[in-house]
Amino acid sequence: MKKKVINTTRAPSAIGPYNQSIRVNDTLFISGQIPLVPKTMELISGNIEEETHQVMKNLESIIKKAKMSFKNVVKATIYLDDMKNFSKVNEVYGSYFEKGDEPARETVAVKSLPKGVRIEISMIAAG
């Protein structure tokens, strides 16, 4: 097994004992991203659409650092603190993928998320 840590300054720094992503052979495991702005580490807290865009931008920065794109994403997990936001999150999330080439995914409602955010997304990409 060939394991490599992949981090980028274009995504938020880890806020705990973990890395942004780990590449094992041709598979990239990306830690859950929340709507933190990388340079300031401030949370986006406006509407759920803005928060989702920030999460997707953070994920994209990590994916690009690994020399991949959203086309390489094979699995995603979306964590929401309220399923009432599902349709709005789904619309923004879906805009980052080519129609018909979306990854496998589940969306899970949770009681709370780190830093009190409303959304967190993790991904697995293969290349």
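The structure under discussion appears in the preceding block.
Along each chain, residues carry numbers from 1 onward, in the same order as the chain's sequence is written. Confidence filtering applies because this is a predicted model: local features only for residues at pLDDT of at least 70, side-chain atom pairs given and counted only at 80 or more, and all residues used for totals across whole chains, interfaces and linings. Hydrogen atoms and water are omitted, and side-chain values are computed over all heavy atoms in the structure.

S.K.: Residues and numbers for unusual backbone geometry, please.
M.R.: Working note: non-glycine residues mostly have negative phi, and peptide bonds are mostly trans. For Asn-25, which is not glycine, the phi torsion reads 55 degrees and is therefore positive. Runs of H or I in DSSP of at least four residues are treated as helices and runs of E of at least two as strands, each being numbered from the N terminus. The topology assignment puts Asn-25 in the loop between β2 (21-24) and β3 (27-33). A positive phi angle, close to 60 degrees, is found at Lys-115, a residue other than glycine. Relative to the assigned elements, Lys-115 resides in the loop between β5 (104-109) and β6 (119-126).

S.K.: Report on the nonpolar core, specifying residues and quantitative values.
M.R.: Among the buried residues, those of types Ala, Val, Leu, Ile, Met, Phe, Trp, Tyr and Cys that are joined through side-chain atoms within 4.5 Å form a nonpolar core. Burial classes follow relative accessibility: with a 1.4 Å probe on protein chains only, a residue under 20% of its type's maximum area counts as buried, one over 50% as exposed, and anything between as partly exposed. Core analysis: the largest hydrophobic core is formed by 26 residues, its most contacted members being Met-56, Phe-70, Ile-121 and Met-123. For this core, the elements supplying multiple residues, two or more each, are β3, α1 (48-65), β4 (73-80), α2 (86-94) and β6. Counting residues per element, this core draws most heavily on α1, at six residues. Sequence-distant contacts of Phe-70, that is, excluding residues within four places in its chain, are made with Met-56, Leu-59, Glu-60, Ile-63, Tyr-96, Phe-97 and Met-123. Working rule for contacts: check all heavy atoms of both residues, and any pair within 4.5 Å makes them a contact.

S.K.: Please set out a positive patch on the surface residue by residue, giving values where relevant.
M.R.: Residues with no salt bridge and a relative accessible area higher than 30% make up the patches, which join like charges within 9 Å and nonpolar side chains (Val, Leu, Ile, Met, Phe, Trp, Tyr) within 5 Å. With residues, only the protein chains shown are counted as cover, and all accessible areas are computed by Shrake-Rupley using a 1.4 Å probe. Salt bridge criterion: a side-chain nitrogen from Lys or Arg within 4 Å of a carboxyl oxygen from Asp or Glu. Residues counted as positive are Lys and Arg, residues counted as negative are Asp and Glu, and His and the chain ends are not counted. Taken as the charge centre is NZ of Lys, CZ of Arg, CG of Asp or CD of Glu, depending on the residue. Side chains of Lys-2, Lys-4, Lys-65 and Lys-67 sit close together on the surface and give a patch of like positive charge. Following the sequence through the fold, Lys-2 ends up in the segment before β1 (3-6). Owing to a relative accessible area of 65%, Lys-2 belongs among the exposed residues under this scheme.

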